[in-house]
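Observations on the three-dimensional arrangement
So the chains spell out like this:
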Amino acid sequence: MSKKLPTRQEDYSLWYNEIVKRAGLAENSAVRGCMVIKPYGYAIWEKMQRQLDDMFKRTGHENAYFPIFIPKSLFEAEEKNAEGFAKECAVVTHYRLQTDPDRPGKLRVDPTAKLEEELIVRPTSEAIIWSTYKNWVQSYRDLPLLINQWANVVRWEMRTRLFLRTAEFLWQEGHTAHATAEEAVAETRQMLDVYAEFAEEHMALPVVKGVKTPNERFAGAEDTYCIEALMQDGKALQAGTSHFLGQNFAKAFDVQFANKEGVREYVWGTSWGVSTRLMGALVMAHSDDEGLVLPPKLAPIQVVIVPIYKTGELDALLERIKPIQMGLIARGISVKVDARDTERPGFKFAEWEMKGVPVRLAIGARDLDNGTVEVARRDTKAKMSLPLADIVASVDQLLTDIQHDMYEKAKQFRATHTTRVDSYDEFKRVLDNEAGFVLAHYDGTSETEERIKDETKATVRCLALNEPDEDGTCMVTGKPSTRRAYFARAY
């Protein structure tokens, strides 16, 4: 293997980038600001996708696909949304190239092939989807419309980080239309719960469910709900959002329906999404100084078997290993037998450790003769010798334990990095020395929020849904406050 990883303590940012590259998740591409998601990284994303897709379908949603190009006139119809994304848009202005008369063998944009109307490469799809819904919705019988799209989006970025911030990324975006505000709010909350369940049950990542302040709200939404997670450097990461759109997009695109009394009304909307940012969260929440640590439910390979053998013994040993391999597969466990004869066991151990495979079995002929198997856990690095007779059941249980323990460890980390403060000085001290979530009173004004952000680089992550009301005074202005907000520096 190449030289040791930088540690989290030494350089958290470099540690993260190196894990993403060395574990084979992604790399920078020939296109500035865009990444190549490599097969191992894409396999994790596929597992996320499959699980979320099942959860969406269980809650009554269907998948569809809408164009990547949005005519500028449609894009600007909902003013707040257009304004919010304007600075990040990639724009198509021409539709043809031609050979360059001044440079043989090269191409140039054909100046005569200018589009009549510019096309925006989607940064989000509300505009194109709501302009379509106008044709799909006539009566209350057409509602609710529960649509999800798996797609790529483009938001022009100059300062990029693999998975966390790239000009193009992959995501899903749900867009729903409802007859009443109550139904739309219920949908918004339901999808927030779906995201939180996915993060906690599958990513082993505890999250805070909350609502964003007007400053942090999605452009064009009445309310934005979010899940916020804590990374090991004490910074927060927004892991998913669900927006109650009110009737803003319905009015912008004239989406009306005849209710049961025959009266025409505007529909109520929601949108909600998670992206390949979740891959970044997964790496940062659990990994260690030896590499990636994956929760079993999202690991493309859950168990790796490394045969330990002398020259000439491999084929016979693989035959003896096969029943273990097949037993694990029969239980729905993904297994890789690393039978490469070009690498030594030590190299293989280090490689699979870097890739975060949850369980490793090292099996030699002598172990099998003795009726034991050497088992190593990736999350705790604990090694144990387990009886061969019930190795399949033991490994199955071990994967369940690892999933549970990884969640508990992350939850414990969050508990010890969540601090309640009552003064602005204490707030700054905690941010600088301990990081994590800081629960503090503020007066709820945009001005105070901006001031805190300018002075400390910390933002209101959310007003947590489960945080009780509590009378207090704003730590900055001394004005009354009715509840504490979650603050943190964030990705």
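Residues numbered from 1 in each chain as written. Predicted model: local features only at pLDDT ≥ 70, side-chain atom pairs only at ≥ 80, totals over all residues. Heavy atoms only, no water.

Stated precisely, the cut-off is as follows: UniProt positions are given in the numbering used here, feature names are shortened, and annotations may be inferred rather than shown by experiment.
An unreviewed UniProt entry annotates the protein as Proline--tRNA ligase originating from Hymenobacter antarcticus. Listed in UniProt under the heading Function (unreviewed entry), the comment for the protein reads: "Catalyzes the attachment of proline to tRNA(Pro) in a two-step reaction: proline is first activated by ATP to form Pro-AMP and then transferred to the acceptor end of tRNA(Pro)." One UniProt comment on the protein, placed under Sequence similarities (unreviewed entry), says "Belongs to the class-II aminoacyl-tRNA synthetase family. ProS type 3 subfamily."

**What about the pattern of salt bridges?**
Close approach of charged atoms allows side chains of opposite charge to pair. As a reminder, the rule being used: Any carboxyl oxygen of Asp or Glu within 4 Å of a side-chain nitrogen of Lys or Arg constitutes a salt bridge here. Helix numbers and strand numbers start at the N terminus; a helix is a DSSP run of H or I with at least 4 residues, a strand a run of E with at least 2. Each residue is assigned to one of three classes by its accessible area relative to the maximum for its type, calculated with a 1.4 Å probe on protein chains only: buried under 20%, partly exposed between the two thresholds, exposed over 50%.
Under the defined criterion, the tally for this structure stands at 31 salt bridges. Among the ionic pairs, aspartate 193 bridges to lysine 209, the shortest N-O distance being 2.8 Å. Here the residue aspartate 193 occupies a position in helix α6 (residues 181-201), and lysine 209 occupies one in strand β11 (residues 208-211), the gap between them amounting to 16 residues. In this structure lysine 209 comes out as partly exposed when scored by relative accessible area, which is 31%.

**Some points on the packing of helix α13 (residues 424-433) against helix α14 (residues 446-456)**
Rules: Throughout, an axis means a line fitted to C-alpha atoms (over the contacting stretch in the case of helices), and angles, computed between N-to-C directions, take values from 0 to 180 degrees. Should an angle fall under 35 degrees it is called roughly parallel, over 145 degrees roughly antiparallel, and 65 to 115 degrees roughly perpendicular, with every other angle called oblique. Here a crossing is called left-handed whenever its near helix is offset anticlockwise from the far helix by less than a right angle, and right-handed whenever the offset is clockwise. The contact criterion used throughout is that any non-hydrogen atoms of two residues lie within 4.5 Å. Ten residue types, Ala, Val, Leu, Ile, Met, Phe, Trp, Tyr, Cys and Pro, are classed as nonpolar, four, Asp, Glu, Lys and Arg, as charged, and the remainder, Gly among them, as polar.
Contact pair α13 / α14: the axes reach a minimum separation of 12 Å and the direction vectors enclose 45°. By the angle class used here, α13 and α14 are oblique. Between α13 and α14 lies a crossing whose hand is right-handed. Together, Tyr424, Phe427, Lys428 and Leu431 of α13 and Arg451, Ile452, Glu455 and Thr456 of α14 make up the contact between the two elements. Split into classes, the residues belonging to the contact of α13 with α14 amount to 4 nonpolar, 1 polar and 3 charged.

**Digging into the packing of aromatic side chains**
This is how the line gets drawn: Each Phe, Tyr or Trp ring, with Trp reduced to its six-membered ring, pairs with another whose centre is within 6.5 Å; inter-plane angles below 30 degrees give stacked pairs, above 60 give edge-to-face pairs, and intermediate values give tilted ones. Charge-over-ring contacts are defined here by two conditions on Lys NZ or Arg CZ: a distance within 6 Å of the ring centre and an angle within 35 degrees of the ring normal.
Under the criterion given, the structure shown has 17 aromatic pairs. Plain terms: the ring middles of tryptophan 130 and tyrosine 133 are 5.4 Å apart, the flat faces sit at 65° to each other, and that makes the pair edge-to-face. With tryptophan 130 and tyrosine 133 both in helix α5 (residues 126-136), this residue pair falls 3 residues apart, about one helical turn. Of the two residues, tryptophan 130 and tyrosine 133, neither departs from the other in class, the shared state being buried. Put simply, the rings of Trp45, Phe56, Trp150, Tyr195 and Trp272 pair up and form one aromatic cluster. When the ring centre of tyrosine 40 is taken as origin, the NZ or CZ atom of lysine 355, which lies over that ring, is 4.3 Å away.

**Some remarks on the layout of surface pockets**
Heads up, the condition is: Cavity and pocket criteria rest on a 1 Å grid covering protein atoms alone: a 1.4 Å probe that fits but cannot get out defines a cavity, protein on both sides within 12 Å along at least 5 of 7 lines defines an open pocket, and an atom within 4 Å of a point defines a lining residue. Grid points are joined across faces, edges and corners, and a volume is the space filled by probe spheres set on the points.
Its volume calculated, the largest pocket comes out at about 1,700 Å³. Contributing to the lining of the largest pocket are 50 residues, with Glu88, Arg155, Arg165, Gln238 and Arg277 lying nearest its centre. Broken down by secondary-structure element, the contributors of at least two residues to the lining of the largest pocket are α4 (79-85), β10 (168-178), β13 (236-246), β16 (268-275), α8 (277-286), α14 and β24 (459-464). Looking at the lining of the largest pocket residue by residue, the classes come out as 16 nonpolar, 15 polar and 19 charged. What the second largest pocket holds in volume is close to 300 Å³. Together, 20 residues line the second largest pocket, and Ala285, His286, Met406, Lys409 and Ala410 are the ones closest to its centre. No other element matches helix α12 (residues 391-416), which puts 6 residues into the lining of the second largest pocket. Split by residue class, the lining of the second largest pocket holds 9 nonpolar, 4 polar and 7 charged.

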